[in-house]
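Inside the fold
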Amino acid sequence: MKLLVTGGAGFIGSNFVRYVYKERPDWHITVLDKLTYAGDRKNLEDLDDSRFTFIHGDICDEQTIDKAVADCDAVVHFAAESHVDNSIRGPRLFLDTNIIGTYEVLEAVRKYGKRLHHISTDEVYGDLGLGSTEKFSEKSRYDPRSPYSATKAGSDHLVRSWIHTYGLEATISNCSNNYGPYQHVEKVIPRNITNIILGIKPKLYGEGKNVRDWIHAEDHSSAILAILEDGKLGETYMIGANGELDNKTLIQTILELMGKSPDDFEFVNDRPGHDLRYAIDASKIKNELGWQPKYADFKQGLTQTIEWYKQNEDWWKPQKAETEAKYKELGR
Ligand code: NAD
Ligand code: DAU
């Protein structure tokens with residue numbers, strides 16, 4: 001198998017590459033990544049050249065993606081602008097990468113008749129509202145509510161239409177909030193772990209009541225590999241690990257695990273259009289493909305993640321000041 005991974009130098013893409021490298025020793029993996037502020041070549045530095053190739057390039061560039069797809073057997077497409085707050089500050093780049101970039105990937109895959117797995121998010125289904133027990137499933141209606149989720153929804157619709165119209169051999173997965181090592185310091189868990197390390201109070205948006213459904217990135221990776229190998233072509237799979245938690249409890253848990261008072265945080269401006277609750281029903285992938293998450297204990301996964309950020313200041317420090325400067329402008 002010659003596997004092409006777009007966006008493989010980012011948080012989840014690099015986790016997937018390291019996972020596949022370990023689990024499938026006879027596969028060759030090529031990563032195509034633009035190395036935006038969110039991509040880091042260091043995330044892949046332990047991989048041996050005999051089984052791994054890195055291409056520095058943009059998925060929006062037709063010739064680059066065409067050549068990379070021509071040379072592989074299958075594509076897993078992670079590359080995206082991924083941060084909601086950035087999409088509110090400047091949506092244009094999200095349209096370019098998430099929509100036009102996905103279009104270029106689709107056209108190359110169609111031209112060469114390759115297998116595609118498209119990585120998407122639960123945010124395309126909108127907001128479940130607090131106090132409900134409803135969860136997103138493969139049958140949920142699309143209802144994106146931020147520029148980020150609208151462009152991810154747009155990319156899903158393109159993939160679905162290429163499957164329907166051109167018979168593309170593709171699958172899609174929609175996953176909940178990931179956590180773990182190598183996540184950029186703009187996202188809530190690493191932002192606030194690193195704040196605490198630096199003696200800054202963690203920041204809680206709005207009233208801190210919003211609920212996210214947490215899954216360890218390695219469980220996301222194992223689910224993607226299961227879909228790539230055994231998923232039914234044309235189908236969508238939800239990925240989640242029953243990790244629902246409100247943001248206030250999340251921040252207080254991080255504070256406690258880091259030996260601080262659980263009240264040592266501050267409320268900051270809310271995100272405009274902030275979705276209240278996401279939750280995933282992952283029955284389909286569990287029943288059809290026998291997939292199960294390994295990180296059942298969130299506190300244990302969080303403890304390991306906190307430890308990683310403590311041990312890897314060299315990795316996150318260069319990004320921290322610039323990220324916080326952006327948040328300062330927003331009062332967050
Ligand atoms: P990330 O921002 O950490 O990484 C994105 C990667 O894509 C980076 O390496 C970046 O350099 C690369 N990239 C961006 N634009 C590119 C372009 N035009 N051409 C080539 N490479 C480009 O993102 P992440 O959190 O790892 O998310 C990866 C994928 O998973 C995204 O599609 C995202 O929508 C999806 N997703 C993320 C989560 C989550 O909780 N983070 C949950 C569900 C789905
Ligand atoms: O649901 C999947 C999505 O999860 C992915 O598609 C996105 O790529 C990923 O970024 C993530 O989106 P969120 O917006 O949920 O993640 P973020 O880490 O930005 O914020 C999580 C929650 O925490 C959200 O309710 C906003 C809040 N928050 C965020 C930050 C950065 C805070 O309260 N304080 C903060 O400092």
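Higher on the page you've got the structure.
Treat the numbers as computed from the prediction; the structure is a model and nothing was measured.

Taken N-terminus to C-terminus, the directions of helix α8 (residues 247-257) and helix α10 (residues 298-311) make an angle of 60°; their axes are 10 Å apart at the nearest point. By the criterion of interaxial angle, the relationship of α8 to α10 is oblique. Crossing geometry of α8 relative to α10 is assigned as right-handed. Residues L250, T253, I254 and L257 of α8 touch α10, and the partners they reach there are F298, K299, L302, T303 and I306. Among the residues making up the contact of α8 with α10, the classes are represented as six nonpolar, two polar and one charged.

Once that is clear, we can look at the site of ligand 2. Neighbouring ligand 2 are 24 residues, the closest being T121, D122, Y148, R271 and H274. Between an oxygen atom of ligand 2 and a side-chain N or O atom of R191, the distance comes to 2.9 Å. At a separation of 2.6 Å, an oxygen atom of ligand 2 approaches a polar side-chain atom of H274. Relative to its free-state accessible area of 690 Å², ligand 2 is covered by the protein chains to the extent of 95%. Of all the secondary-structure elements, those providing two or more residues to the shell around ligand 2 are α6 (188-197) and β8 (203-205). For the shell around ligand 2, the residue count by class is seven nonpolar, nine polar and eight charged.

It is worth spelling out unusual backbone geometry at this point. Not every positive phi belongs to a glycine, and L35 is a case in point at roughly 50°. The residue L35 is located in the loop between β2 (28-33) and β3 (52-56) in this model.

So, on to the sheet that holds β3. The strand order across the open sheet formed by seven strands is β3-β2-β1-β4-β5-β6-β10, and the pairing between neighbours is parallel. Edge positions in the sheet fall to β3 and β10 (236-239), since each of these pairs with one other strand and no more. Going from strand to strand, the sheet's axes swing by 20° on average, the running direction of each strand aside. With four bridges connecting them, strand β6 (residues 170-175) and β10 associate as parallel partners. Of the residues in β10, the one forming a bridge with S173 is Y237. Across the sheet, helix α5 (residues 147-166) is in contact with β5 (115-121), β6 and β10; its angle to β5 comes to roughly 155°.

Basis of the calculations
Residues numbered from 1 in each chain as written. Chains lettered and ligands numbered in written order. Predicted model: local features only at pLDDT ≥ 70, side-chain atom pairs only at ≥ 80, totals over all residues. Heavy atoms only, no water. Axes fitted to C-alpha atoms, helices over the stretch in contact; angles between N-to-C directions. Helix = DSSP H or I, 4+ residues; strand = E, 2+ residues; numbered from the N terminus. Parallel < 35°, antiparallel > 145°, perpendicular 65-115°, else oblique. Left-handed = near helix turned anticlockwise from the far one by under 90°. Contact = heavy atoms within 4.5 Å. Nonpolar A, V, L, I, M, F, W, Y, C, P; charged D, E, K, R; others polar. Near = heavy atom within 4 Å. Polar contact = N/O pair within 3.5 Å; in protein donor to acceptor, adjacent residues only side chain to side chain. Areas by Shrake-Rupley, 256 points an atom, 1.4 Å probe, with all protein chains shown as cover. Pairing = 2+ DSSP bridges.

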